[in-house]
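Here is what each chain is made of, one letter per residue.
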Amino acid sequence: MKSLNMLLRFAIVGGLILLLLIPLMMIRSVINERSQYRDEAFARVADSRAGAQRLVGPVRVVPWVERQQVEVVDAKGNKKTEVQVSEGHWLQMPASLDVGGEMLPSQREVGLFKVPVYSWNGQLKASFAADDYPVKPGRTYGQPYVALGVSDARGLVGTPNLRVDGRQVRLLPGVGAAAELGRGLHAPVAGFAGGQGGLLAASTVELELRLDGSRTLSVVPVGDDNRIALRSRWPHPSFAGAFLPNERRVDAQGFDARWAVSSLASDAQRQLRSDGAGASQSVSVSLVDPVDAYTQADRASKYGVLFVLLTFVGFILFELIRSLRIHPLQYLMVGLALAIFFLLLISLSEHIAFWKAYLVSAAACIGLQAVYLANVLGHWKRGLGFAALLTVLYGALYGLLVSENNALLMGSLLLFVILALAMWVTRRVDWYALGAEAK
């Protein structure tokens, strides 16, 4: 019975913490909503300019038409002979493929959001070995051509320069019969063997193009031996896809990355033939923002309950050890001040750098609580002391945000230190006596 009042106090504080989950969840909902607006801005730029680009090829294609006489039985049981016609194509991958060029970065603004885009000055060189395509009765081969898959042809600036064995060749829209390439370009090439079967002569294909895109450029390594080199002035690349660069340099002046991929290590050729370009393995580089304000703010908001809990624990210790009387509404006001920090953070980070937004938001909330707590705790020194503890807490949170790889370790150590400090401070407290005094 002596501790009933103290237990009731703890229950009220616990109820306030649960109540404060409502504004914290609403703030997280706002962060997610703003993040969706950012994604919509990316989609608008992709719709109006060009989206992420995926390059496949060049490859050599030989279309064919096959006519076969088959015997069929009609509904009356009569047998007759019909000619069935089927179409397809013979697809040849390059023996060696060299892809290089520079991604010239820029940004497009959509409202408050900035979307990274690029213009890629690409150079491609593909060497094809001589190839026999099969002879089959009833099959007739058509005009061979070179095809190149480009996921968003709207990004092509001007007319690409295509040369086959040193001769200029005119490109046409579409990929012809090679539907597995998706969208792209093709160019009929005279001089290949044709007819019912025969030999595709060895050939070299060179292509120069300027390709606009948004954020990401991917290259499918369709050759037997692939050499890919990409560079840019953008200092924050993200390398993805099935293969990471074998060599790379990333600094404040930009990046330079090189890949060497063999068909022995890549399944891209088989995937292209069976599943199409969209499912094929690729090397990929994205121009990203290293400090995504929405991701950082969302991660920060996850610690909102911890902020409230630690602050309320400090209040309870002050209340019990110093015999202070703190009203539940005062607990609630301080909890709301802690919650509003995250709303200030996300709103300011849309206009200024994230670290500046964090500094301004933290300073505003800490200053507000220092003035308020000086009156609640009965002395300005206590208010400043609590403000100093909040400053340490905000500083620790920022350390968690910027150290993504060590966030779990730092968070665990922070909780351990706080628990150890609370146990040390209260190690000599007679809780039964405090309960009797509170009663």
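Report follows, based on the coordinates. One numbering rule holds for all chains: residues counted from 1, following each sequence as written. Totals for whole chains, interfaces and linings use every residue, but because this is a predicted model, local features are given only for residues with pLDDT of at least 70 and side-chain atom pairs only at 80 or more, for both listing and counting. In computing side-chain values, all of the structure's heavy atoms are included and hydrogens and water are not.

Turning our attention to the pattern of salt bridges. Any carboxyl oxygen of Asp or Glu that lies within 4 Å of a side-chain nitrogen of Lys or Arg is treated as forming a salt bridge with it. This model, assessed by the stated rule, comprises 8 salt bridges. One salt bridge in this structure joins aspartate 152 and arginine 154, with 2.8 Å as the shortest N-O distance. For the exposure calls, accessible area comes from a 1.4 Å probe over protein chains only, and a residue counts as buried if that area is under 20% of its type's maximum, exposed if over 50%, partly exposed in between. Here aspartate 152 falls in the buried class, since its relative accessible area comes to 9%. Of the residues examined, arginine 154 reaches a relative accessible area of 47% and is grouped as partly exposed. Aspartate 225 is paired through a salt bridge with arginine 227; the nearest N and O atoms lie 3.7 Å apart. Note on arginine 227: relative accessible area 45%, which makes it partly exposed. Several salt bridges converge on common partners, so that one network encompasses Arg163, Glu206 and Glu208.

Let us look at empty space enclosed by the protein. Here a cavity is any set of points on a 1 Å grid over the protein atoms alone where a 1.4 Å probe fits but cannot get out, and a pocket is any open set with protein on both sides within 12 Å along at least 5 of 7 lines; a residue lines the site when it has an atom within 4 Å of a point. Grid points are joined across faces, edges and corners, and a volume is the space filled by probe spheres set on the points. All told, the structure shown has 1 cavity of 30 Å³ or more when counted by the stated rule. A volume near 40 Å³ is recorded for the largest cavity. Every residue lining the largest cavity is listed: Pro58, Val146, Ala147, Leu148, Leu162, Leu171, Leu185, Val205 and Leu207. Residue contributions to the lining of the largest cavity peak at 3 residues, all from strand E7 (residues 145-150). We call Asp, Glu, Lys and Arg charged. Ala, Val, Leu, Ile, Met, Phe, Trp, Tyr, Cys and Pro are nonpolar, and the rest, Gly among them, are polar. Grouping the amino acids of the lining of the largest cavity by side-chain chemistry returns 9 nonpolar, no polar and no charged. Where helices and strands are cited, they refer to DSSP runs of H or I of at least four residues and of E of at least two residues respectively, numbered from the N terminus.

Describing two packed helices takes the angle between their axes plus the distance from one axis to the other. Contact geometry of helix H3 (residues 293-301) with helix H5 (residues 328-349) gives a least axis separation of 10 Å together with a crossing angle of 175°. Considering the angle they form, H3 stands roughly antiparallel to H5. For the pair H3 and H5, contact is made by Ala293, Tyr294, Ala297, Ala300 and Ser301 and by Phe342, Leu345, Ile346 and Ser349, respectively. Among the residues making up the contact of H3 with H5, the classes are represented as 7 nonpolar, 2 polar and no charged. What counts as an axis is a line fitted to C-alpha atoms, over the stretch in contact for a helix, and the angles between N-to-C directions run from 0 to 180 degrees. When an angle is under 35 degrees it counts as roughly parallel; over 145 it counts as roughly antiparallel; between 65 and 115 it counts as roughly perpendicular; any other value is oblique. Note on contacts: a residue pair qualifies if any of its non-hydrogen atoms lie within 4.5 Å across the two residues.

Next up on the list: the nonpolar core. Remark: nonpolar core denotes a set of buried residues (Ala, Val, Leu, Ile, Met, Phe, Trp, Tyr, Cys) joined through side-chain atoms within 4.5 Å. Of all hydrophobic cores here, the largest spans 52 residues; its most connected members are Trp120 and Trp259. Each residue touching tryptophan 120, except ones within four places of it in the same chain, is listed here: Leu55, Val99, Gly100, Gly101, Glu102, Met103, Leu209, Arg210, Leu211, Leu217 and Leu230. The next biggest cluster of nonpolar side chains, apart from the first, holds 47 residues, and it includes Ile31, Phe342, Leu373 and Phe386.

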